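Observations on the three-dimensional arrangement
Each chain, letter by letter, is given below.
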Amino acid sequence: MAWLFWEFRRNYVWLINRIFIPTLLNALAGFLTTIVSLYTAYDGDWSIMVLLTVITSDLSVACSLILLYIYKFGKLQRLKREHNQMFRNYEHPPHVQELPTLYTMLLQRNGILDILKATVILAVLN
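Report on the accompanying structure. The residue numbering used here restarts from 1 in each chain and proceeds along that chain's sequence as written. Note on the predicted model: pLDDT of at least 70 is required for a residue's local features to be given, and 80 or more for side-chain atom pairs to be given and counted; whole-chain, interface and lining totals, by contrast, use all residues. Working from all heavy atoms in the structure, the side-chain values ignore hydrogens and water.

**Overview of the overall build of the chain**
Secondary structure is summarised from DSSP: a helix means a run of H or I of at least four residues, a strand means a run of E of at least two, and numbering begins at the N terminus for each. Of regular secondary structure, the chain possesses five helices and zero strands. When the helices and strands of the chain are placed in sequence order, the string is α-α-α-α-α. Only heavy atoms enter the contact rule, under which two residues are in contact if any of them lie within 4.5 Å. Considering only intrachain contacts with a sequence separation of at least 6, the fraction spanning at least 24 residues in the chain is 48%. Of the roughly 9,800 Å² of accessible surface on the chain, a fraction of 66% belongs to carbon and sulfur atoms. Accessibility throughout is a Shrake-Rupley quantity obtained with a 1.4 Å probe, and a residue counts as covered only by protein chains that appear here.

Written out as structure tokens, the structure is:
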């Protein structure tokens, strides 16, 4: 996982969706499984192995949650802000400006043929 993190370190969306969120969910599942096992199989007796498992899964949850917060609300938001500042005064070509209205007009009719037409029009114009 460290190799994947290093390879995709500039792709914040990929890191968030493919590494941080799955790691967080797996660590939470491990923590809940340990707690359930503690109170069902061990009758609430906190042995050293249960304690180590809880500490390990809690550290994994904390690390993935911190990294998710840093990347989602720090780095990704900063990148979006820079992008919006860079392209604030950019003039789009006329066919790109008309595209959203044409697309929404076709989708408002809610027919499958209209959706296919809108998709074809978008593909041809782009």
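Having seen it, we continue.
**A few points about the packing of helix α2 (residues 12–40) against helix α3 (residues 48–86)**
Where α2 contacts α3, the two axes come as close as 8 Å, and the packing angle between them is 155 degrees. Accordingly, the angle class assigned to the pair α2 and α3 is roughly antiparallel. Both α2 and α3 take part in a crossing whose hand is left-handed. In this analysis an axis means a line fitted to C-alpha atoms, helices contributing only their contacting stretch, and an angle means the value between N-to-C directions, from 0 to 180 degrees. By definition in this entry, angles of less than 35 degrees are roughly parallel, angles greater than 145 are roughly antiparallel, angles of 65 to 115 are roughly perpendicular, and the rest are oblique. Should the near helix be turned anticlockwise from the far one by less than a right angle, the crossing is termed left-handed; should it be turned clockwise, right-handed.

**What about the pattern of salt bridges?**
The salt bridge definition used is simple: a Lys or Arg side-chain nitrogen within 4 Å of an Asp or Glu carboxyl oxygen. Summed over the entire model, instances satisfying the criterion amount to one salt bridge. A salt bridge links Glu 82 to Arg 78; its shortest N-O distance comes to 3.4 Å. A residue pair is termed a helical-turn pair when its members lie 3 or 4 positions apart in one helix, as Glu 82 and Arg 78 do in helix α3 at four residues. For Glu 82, a relative accessible area of 38% corresponds to the partly exposed category. Three labels apply to residues, based on accessible area from a 1.4 Å probe with only protein chains included: buried if under 20% of the type maximum, exposed if over 50%, partly exposed otherwise in between.

**Things to note about α2**
Given 3.6 residues to a turn, an α-helix orients residues that are three or four positions apart in the same direction. Any helix carries an expected span of 1.5 Å times its number of residues minus one. Taking 1.5 Å of rise per residue, 29 residues should cover 42 Å, and α2 covers 40 Å from first to last C-alpha, within 8% of that figure. The largest bend along α2 measures about 30 degrees and falls at Phe 20, with the proline Pro 22 one to four residues further on. Against the buried residues of α2 lie α1 (2–7) and α3. Bend is the name given here to the angle between axes fitted to two runs of seven residues, the run ending at a residue and the run starting at it.

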